Structures are given as structure tokens and as C-alpha cells.
Amino acid sequence: MSSEQGPGGLFEKPAAEPLCYSVLRTHCQQYLLIVPYLLGTVCSMDVQTVNSMTCEEFVCVFGNVVERCPLIAAALWSRRPFSSTLELENGFNEFIDSLSIEGKEGILRCHPDLAGRELLAGTLTVESRGEQGQAGLTSLSSADALRMNQLNSQYKKQFGFPFVICARMSDKDRIIQQLESRVRNQQLQELHCGIEEVKSICRLRLQDIYNRAAKSTKL
Ligand SMILES: NC(=O)N[C@H]1NC(=O)NC1=O
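Residues numbered from 1 in each chain as written. Predicted model: local features only at pLDDT ≥ 70, side-chain atom pairs only at ≥ 80, totals over all residues. Heavy atoms only, no water.

Attention shifts here to the site of the ligand. Lining the immediate surroundings of the ligand are His111, Pro112, Leu114, Ser128, Glu131, Phe163, Val164, Ile165, Cys166, Ala167 and Ile201. Within the backbone of Pro112, one N or O atom sits 2.7 Å away from a nitrogen atom of the ligand. Against a free-state accessible area of 290 Å², the protein chains account for coverage of 100% of the ligand. When grouped by side-chain class, the residues that make up the shell around the ligand number 8 nonpolar, 2 polar and 1 charged. (Near = heavy atom within 4 Å. Polar contact = N/O pair within 3.5 Å; in protein donor to acceptor, adjacent residues only side chain to side chain. Areas by Shrake-Rupley, 256 points an atom, 1.4 Å probe, with all protein chains shown as cover. Nonpolar A, V, L, I, M, F, W, Y, C, P; charged D, E, K, R; others polar.)

Below is the structure:
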């Protein structure tokens, strides 16, 4: 879809990030991402805009909030009107929570490995590529890449679905440490962990969509 299409120029490329943001991220990546959310800046997108979208527009904008699960966005469109953008976020969370164990496992299976084959092949979604890049996974040493690969395989063999973590709220060392520790969890406990991480990924992706929309309407 071209940048002209869609309501309010929502599909325009994000502007370059201010330098102070990248410096801050180095020191406190996790908090940097949460602070604007707490301040409410994420709600700058008018909920009326969301409510006025056609199903096609809605799926174009929100279809990858849950990685490679546009059907979830399509189902949520039927729940309009939303009273706030927070209600939409809650809708995603409730939808995920309402799924069966198999449905939740299915969502996890739609996620690519971190620093895996898809990263090398260049077939990641734009969102996932950005997230893995921000966590430093696009510039791993060969030793770290090998270690992550081994741990991802071990994890998948153990649980039957890929390891999922909100990469932007982490970094390479923490991801390796979490892989080493979560692989020892019980099956259901780990399903729960993975799904909570999916919700964090969704929250940040929604925040990106709202922030992009706010920037494009200020122009
Ligand atoms: N495997 C996995 O966690 N992948 C996801 N994590 C994230 O932040 N983006 C993804 O694609």
C-alpha cells in the first residue's frame, strides 16, 4: 500500500528518531518505551478515526499488531465502536486471553525466531525487523548468534512453539538469559509467559501506530 492511501496519512514512513532518543535508549531502553505510554501520548490518535475505518483499512493498519495474525484485527473490527484507543488495546488482550491452548500456541507459532533464519533471509515483517534491530539482534557476534540459535532449537524441541519475548523491552544478554531460564519452565507456565510477551509486543506496536498517526496529522 502506498503512503497516500488510508485515513489521515497513517501509512507514512516514521520520521528519523531524534538523537537524544537513541542515546537514552542505550541506557534505559525499557523505560524509554514505557514513559510516553504512561504520559498518555499514545492516545493522540483520535478514536473516531479508528471507528470510521472500513474493515480493509482497519486490517491494513492493525493487521500486524499480533504478528502475522490479521484475522484478530478483522475480528476486532466487528467490536467497534471503541470508546478509546485503550479499549482497542484491551480488545486485543481479551481476544488473545479468550483463545484455547491450541489457539495461543498458534499465535506463538506465528512469531519468527529471534536472530533466526528469517532475519538472515530478509523475510521478517517490518515490525519484527525493527524490534530485533532495536534489541541489537541484527549485529550479533557469530558466537552469540550460534548460542541463540542453539537455545531457540532446544526451546522449540521442548515446547513445540518458538521462544517469544518483547525484544524492544530487552537486549541481547537478557534475551539469552531468558532463553536459558524459561526453557526450564513447565509447558503451561511457559505458554503463559510467551502470551504475556505477545501482549507487550502488541502494546508497543499500537503505540507506534498512534504515534505515527499523531506525527502525520501535525505536519
Ligand atoms: N520470537 C520473538 O520473540 N519474536 C518477536 N519478538 C519481538 O519483539 N518481535 C518479534 O517478532
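On we go.
This part covers the pattern of salt bridges. Should the charged atoms of two oppositely charged side chains come close, the side chains can pair. For the structure shown, the criterion picks out 14 salt bridges. Residue Arg168 is joined to Glu131 by a salt bridge in which the shortest nitrogen-to-oxygen separation is 3.8 Å. Taken together, the residues Arg168 in the loop between α9 (142-159) and α10 (172-182) and Glu131 in helix α8 (residues 126-134) connect sequence positions 37 residues apart. Its relative accessible area of 6% is what places Arg168 among the buried residues. Given a relative accessible area of 9%, Glu131 falls into the buried group. Here Asp173 makes a salt bridge to Lys172, at a shortest N to O gap of 3.0 Å. What emerges from the salt-bridge pattern is a single network uniting Glu67, Arg68, Glu118, Glu131, Arg168, Arg205 and Asp208. (Salt bridge = Lys/Arg side-chain N within 4 Å of Asp/Glu carboxyl O. Helix = DSSP H or I, 4+ residues; strand = E, 2+ residues; numbered from the N terminus. Buried < 20%, exposed > 50% of the residue type's maximum accessible area, 1.4 Å probe, protein only.)

Okay, the state of the cysteines next. With the rule as written, the count across this model stands at 0 disulfides. Free of any disulfide, Cys55 has its nearest neighbouring cysteine sulfur in Cys60, separated by 9.8 Å. Of the residues examined, Cys55 reaches a relative accessible area of 28% and is grouped as partly exposed. In this model Cys69 remains outside any disulfide bridge; the closest cysteine sulfur is found in Cys110, 3.8 Å from its own. (Disulfide = S-S within 2.5 Å.)

A few words on the domain arrangement of the protein chain. Where the parts come together, the accessible area they lose is often given as the size of the interface. As far as domains go, the protein chain holds domain 1 (7-98 + 204-218) and domain 2 (107-201). At the junction of the two partners, domain 1 supplies 17 residues and domain 2 supplies 24 residues. Of the roughly 1,800 Å² buried where domain 1 meets domain 2, counting both sides, 51% is carbon and sulfur surface. Where Asp208 meets Arg168, a salt bridge forms, and the shortest distance between an N and an O atom there is 2.9 Å. The tally of links between domain 1 and domain 2 comes to 11 residue pairs in polar contact (both at pLDDT 80 or more). Put simply, the parts of the chain that give the side of domain 1 that touches domain 2 at least two residues each are α1 (19-39), α5 (85-97) and α11 (187-218). (Domains from an automatic or database assignment. Contact = heavy atoms within 4.5 Å. Buried area = accessible area lost by both parts, 1.4 Å probe.)

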